[in-house]
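The lines below spell out each chain.
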Amino acid sequence: YGALVTTMIKDFQDVKIVNQELEKMGFNIGLRLIDEFLAKAGITQCRNLKETAHYIAKVGFKMFLGINAEVSWSTDSRQFSVEFKNNPLIEFVELPERFKDLEYSNLLCGVIRGALHSVNMIVTTALKRSELRGDPLSEIQVTLKEIAAEKVTAEDD
Amino acid sequence: QGAEKIMTTIYTIYVYNREGTCLFLRKYNGDSKQNPKEIEIEKKNMFGTLFTLKTFVNAITPKTMDEWEKEPISYFQTSQYQLHYLETASGLRFAVSTPPDAPNMGRVLNRLYKLYVDYVVRNPCYTLGSEIVLPGFVQRVETYVKELRNK
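Residues numbered from 1 in each chain as written. Chains lettered and ligands numbered in written order. Predicted model: local features only at pLDDT ≥ 70, side-chain atom pairs only at ≥ 80, totals over all residues. Heavy atoms only, no water.

### Things to note about the side chain of A:Asn19
How we decide: Runs of H or I in DSSP of at least four residues are treated as helices and runs of E of at least two as strands, each being numbered from the N terminus. Contacts were defined at the residue level, with two residues in contact if any of their heavy atoms lie within 4.5 Å.
With respect to the helices and strands, A:Asn19 occurs in helix α2 (residues 15-41). With near-sequence residues (within four places) excluded, A:Asn19 lies in contact with A:Asp101, A:Leu102, A:Glu103 and A:Asn106.

### Quick word on helix α1 (residues 2-12) of chain A
Residue and element names in this part refer to chain A. Note the cut-off: Working definition: with a 1.4 Å probe on protein chains only, accessible area under 20% of the residue-type maximum means buried, over 50% means exposed, and in between means partly exposed. Along the arc lie the directions from the helix axis toward the C-beta atoms.
Those residues of α1 lying buried are Val 5, Met 8 and Ile 9. Along α1, the residues classed as buried sweep out an arc of 100° about the axis, all on the same side. Away from its buried face by more than 90 degrees, α1 exposes Ala 3, Lys 10 and Asp 11. In the core, the buried residues of α1 are packed alongside α2. Where α1 ends, the next residue or the one after it, Gln 13, has phi of about 65°, a positive value.

### Comments concerning the packing of aromatic side chains
In plain terms, the rule: Two aromatic rings, drawn from Phe, Tyr or Trp (for Trp, its six-membered ring), form a pair once their centres lie within 6.5 Å of each other, and the interplanar angle then sorts them: stacked below 30 degrees, edge-to-face above 60, tilted otherwise. Both a distance and an angle decide whether a charge sits over a ring: NZ of Lys or CZ of Arg must be within 6 Å of the ring centre and within 35 degrees of the ring normal.
By the definition in use, this model includes 9 aromatic pairs over all chains. Plain terms: the ring middles of B:Phe94 and B:Tyr116 are 5.9 Å apart, the flat faces sit at 80° to each other, and that makes the pair edge-to-face. Here B:Phe94 is found in strand β5 (residues 93-98), whereas its partner B:Tyr116 is found in helix α2 (residues 106-121), with 22 residues between them in sequence. Of the two residues, B:Phe94 and B:Tyr116, neither departs from the other in class, the shared state being buried. An aromatic cluster is present here, built from B:Tyr16, B:Phe47 and B:Phe51 joined pairwise through their rings. A cation over an aromatic ring shows up here: A:Lys50 above the ring of A:Trp73, its NZ or CZ 4.7 Å from the ring centre. Just above the ring of B:Tyr144 sits the side chain of B:Arg111; from NZ or CZ to the centre is 4.4 Å.

### A short note on the interface of chain A and chain B
Note the cut-off: The term buried area denotes the loss of accessible surface (1.4 Å probe radius) that occurs when two parts are joined, taken as the sum for both partners. Salt bridges are counted wherever a side-chain nitrogen of Lys or Arg sits within 4 Å of a carboxyl oxygen of Asp or Glu. Think of a polar contact as two N or O atoms within 3.5 Å of one another; within protein, one of them needs to be a possible hydrogen donor and the other a possible acceptor, and neighboring residues in sequence only count if both atoms come from side chains.
Between chain A and chain B, the residue contacts involve 28 residues of the former and 28 residues of the latter. Across the chain A/chain B interface, buried area totals approximately 2300 Å², and carbon plus sulfur atoms make up 53% of it. Looking only at chain A, the three residues that lose the most surface to chain B are A:Arg32, A:Asp35 and A:Glu150, adding up to 27% of its buried area. Across the chain A-chain B interface, the total number found is 1 salt bridge. Linking B:Arg122 and A:Glu36 is a salt bridge whose minimum nitrogen-to-oxygen distance equals 2.6 Å. Between the two partners, chain A and chain B, sit 8 residue pairs in polar contact (both at pLDDT 80 or more). Counting residues per element, the ones that place at least two in the side of chain A that touches chain B are α2, α3 (49-65) and α4 (106-118) of chain A. Per element, the largest residue contribution to the side of chain A that touches chain B is 8 residues, and it comes from α2(A).

### Details of the environment of A:Asp11
Residues and elements named next belong to chain A. Examined against the element boundaries, Asp 11 turns out to sit in helix α1. For Asp 11, a relative accessible area of 59% puts it in the exposed group. For Asp 11 and Leu 38, which are 27 residues apart along the polypeptide, the C-alpha to C-alpha distance reads 35 Å.

### Let's talk about the pairing of strand β2 (residues 79-84) of chain A
Residues and elements named next belong to chain A. Selection rule: Strands pair, by our definition, only if DSSP identifies at least two bridges between them.
Taking burial as the measure, the 6 residues of β2 include 6 buried ones, the bulk of the element. Burial of β2 is two-sided: the residues Gln 79, Ser 81 and Glu 83 facing one way and the residues Phe 80, Val 82 and Phe 84 facing the other way are all buried. In the sheet, strand β1 (residues 69-73) pairs with β2 via 5 bridges, with the strands oriented antiparallel. Paired with Ser 72 across the two strands is Ser 81, which belongs to β2. If you look at the hairpin formed by β1 and β2, you'll find 5 residues sitting between the two strands. Inspection of the sheet shows β2 paired to strand β4 (residues 138-147) by 6 bridges, in the antiparallel sense. For Phe 80, the partnering residue across the bridge sits in β4 and is Val 142.

Any functional reading would require information beyond the geometric quantities listed.
Dropping the structure here:
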């Protein structure tokens, strides 16, 4: 992952663009990861946002990153944060001062957004805190924008 | 969980994605050869039926449902066949038709979902939403169908 991010910085030269591209990559991973997650965890339905947050932090993070994460809720019931330590992506990684605006783990934000998109939940995500930048833990904030209505785009007869 | 072996003939397997595109349709009862046009019609009809059935089932359910809740369909039956159904939270739809006396196909549907994850989703050469022609998936499903018929 580190080599990938380094190459992207060399290619794009702009940390803001790298952040966006990492998020997009994560989104595409999320679109696929959701099915592996649902199939392995045996989850058939997401009944509410609380359950969803729990599945992401307690099941998803464990399944794909091997770490435990916690959920914390904001006063807005449509927003929660996933907090975690020992992010395997940042192991052995150091962030030089000139890259302090790089959101190294932004891929994870995209994965969450992509996975939730596949279950009709439109969200925005943001990397609020990062161990890589000296915070005590990492935090990804998830905000529910809307629940997409089911639509069928197959051609009609 | 019982180690009871499921034994059944499978007529046809259908896989659709959230948008209604048919990703996979394979017939396993051998003889009935349909022309491509008939297959296209069957693909659309099956999806239309499943979609409408789900809307209908949710409209007449006696239970009060929350905003997010949906009544899942297990199967429907005629004198000639049963149509078993699994819809994932991601909108993937697996449907399997069997003879009318088939056992509960929940495990079979879940196994198909897992095969889809392992041999389609995880394959970087596969574009999401496109027809599944990957030999890995096709062959393993065929093997599984044979397994279910013989054991």
